[in-house]
Amino acid sequence: MRECTFGRGYKSNLFLSRKFQAVATHRSLNLNFPFKSSVRKMHLENNHKSDSRGALIVLEGLDRCGKTSQSSRLLSFLERLGYLVESWRFPDRNTGVGQMISSYLANESQLDDHAIHLLFSANRWEKRSLMETRLRSGTTLIVDRYSYSGVAFSSAKGLDIEWCKAPEMGLLAPDLVLYLDIPPEKAAERGGYGGERYEQLDFQRKVDHSYQLLHDVSWKTVDACLPIEDVEKQLGEMALDCVTTCQKGKALSQLWSS
Ligand code: NYM
Ligand code: MG
């Protein structure tokens, strides 16, 4: 079902993904864009409607599924259309909490499984209000990993899934989760894993299983084994649909709060 036929484009995008570290990169509108001022005006006018806002779009998947390079392609696509877009990622390794996480992932420190889970969650909480401000100001956020990674990776270690979800409750719910689906074996073939914790086939199989338990209505699954341009096109269409819906007006909601 999930046969893989990815090609030569992947290696160069791996390079991109390494450069794309732990930052909320703000990329302003392209100055050469011919309709810049009219598009800007359109966004401002739309913002007068109370619920008009940017979209919260999350990319999820196993390590090496291509999320990071697809995030950057999606950013460029939406920017070319004149939308205000920012690229975010979790963990955000720039904060104090993020540095603790980074050293844990690099196997430079040891932490109890529960403790690291809570640090990943805290790393999202420390960005929550900024995230809301950006969305309300009309900026779409493309987020490389979010709470689903938190729950999938920690519950793959054997932690109770409901316990894992609890600290995520009340964070902003994504408008769209783009799940890049790849069999763990195929992901492992993609240039091999780096030295980070979790980058092992056996463990990724467990993460794959945990992710399957997390699908909800906001999820759209894309076959990450398709050629990179095909994945890009599918993600672009889905994201654009979501961005226009949020622009027309959609209330923000909270994650896993019943
Ligand atoms: N990870 C990421 C978690 O275990 N919990 C989380 O909440 C998040 C956001 O960190 N293997 C794991 C998944 C990855 C690792 O992320 C680093 P990346 O996107 O590979 O840099
Ligand atoms: Mg990784």
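Owing to the predicted nature of the structure, the values given are computational and were not obtained by experimental measurement.

*Asks:* Report on the overall build of the protein chain, specifying residues and quantitative values.
*Replies:* A count of helices and strands for the protein chain gives 10 helices and 6 strands. Burial status across the protein chain gives 51% buried among its 258 residues. Expressed as a percentage of contacts within the protein chain between residues at least 6 apart in sequence, the contacts between residues at least 24 apart total 84%. Roughly 12000 Å² of accessible area belongs to the protein chain as shown, and the carbon and sulfur atoms make up 53% of that amount.

*Asks:* Can you tell me about the packing of helix α4 (residues 96-105) against helix α5 (residues 113-136), naming the residues and giving the values?
*Replies:* Interhelical geometry of α4 versus α5 gives an angle of 140 degrees and a closest axis separation of 9 Å. On the basis of the axis angle, α4 is oblique to α5. Crossing hand, α4 versus α5: left-handed. Contact residues: α4 offers Val97, Gly98, Met100, Ile101, Tyr104 and Leu105, while α5 offers Asp113, Ile116, Leu119, Phe120, Ala122, Asn123 and Glu126. The class makeup of the residues in the contact of α4 with α5 is 9 nonpolar, 2 polar and 2 charged.

*Asks:* Break down the confidence of the model for the protein chain for me, with residues and values.
*Replies:* In this model, the protein chain carries an average pLDDT of 85, and 81% of its residues clear a pLDDT of 70 or more. A low-confidence stretch, residues 3-48 stays under pLDDT 50, and its non-local contacts, those more than four residues away or across chains, total 76 contacts.

*Asks:* Give a detailed account of the site of ligand 1, specifying residues and quantitative values.
*Replies:* Lining the immediate surroundings of ligand 1 are 15 residues, of which Asp63, Arg93, Arg124, Arg145 and Gly150 lie closest. Arginine 93 has a polar side-chain atom sitting 3.1 Å from an oxygen atom of ligand 1. Contact with the protein chains covers 95% of the free accessible surface of ligand 1, which is 470 Å². At the level of elements, α5 and α6 (147-156) are the ones that each hand at least two residues to the shell around ligand 1. Ranked by residue count, the leading element in the shell around ligand 1 is α6, at 3 residues.

*Asks:* Break down unusual backbone geometry for me, with residues and values.
*Replies:* The bulk of non-glycine residues show a negative phi, and the bulk of peptide bonds are trans. Put simply, phenylalanine 90 and proline 91 share a cis peptide bond, and its omega is 0 degrees. Assignment of secondary structure puts proline 91 in the loop between β3 (85-89) and α4. Phi at arginine 64 is positive, roughly 75 degrees, even though this residue is not glycine. Relative accessible area serves as the criterion here: at 14%, arginine 64 is assigned to the buried category. Of note in this structure, tyrosine 198 is not a glycine but carries a positive phi near 85 degrees.

Conventions we followed
Residues numbered from 1 in each chain as written. Chains lettered and ligands numbered in written order. Predicted model: local features only at pLDDT ≥ 70, side-chain atom pairs only at ≥ 80, totals over all residues. Heavy atoms only, no water. Helix = DSSP H or I, 4+ residues; strand = E, 2+ residues; numbered from the N terminus. Buried < 20%, exposed > 50% of the residue type's maximum accessible area, 1.4 Å probe, protein only. Contact = heavy atoms within 4.5 Å. Areas by Shrake-Rupley, 256 points an atom, 1.4 Å probe, with all protein chains shown as cover. Axes fitted to C-alpha atoms, helices over the stretch in contact; angles between N-to-C directions. Parallel < 35°, antiparallel > 145°, perpendicular 65-115°, else oblique. Left-handed = near helix turned anticlockwise from the far one by under 90°. Nonpolar A, V, L, I, M, F, W, Y, C, P; charged D, E, K, R; others polar. pLDDT = per-residue confidence, 0-100. Near = heavy atom within 4 Å. Polar contact = N/O pair within 3.5 Å; in protein donor to acceptor, adjacent residues only side chain to side chain.

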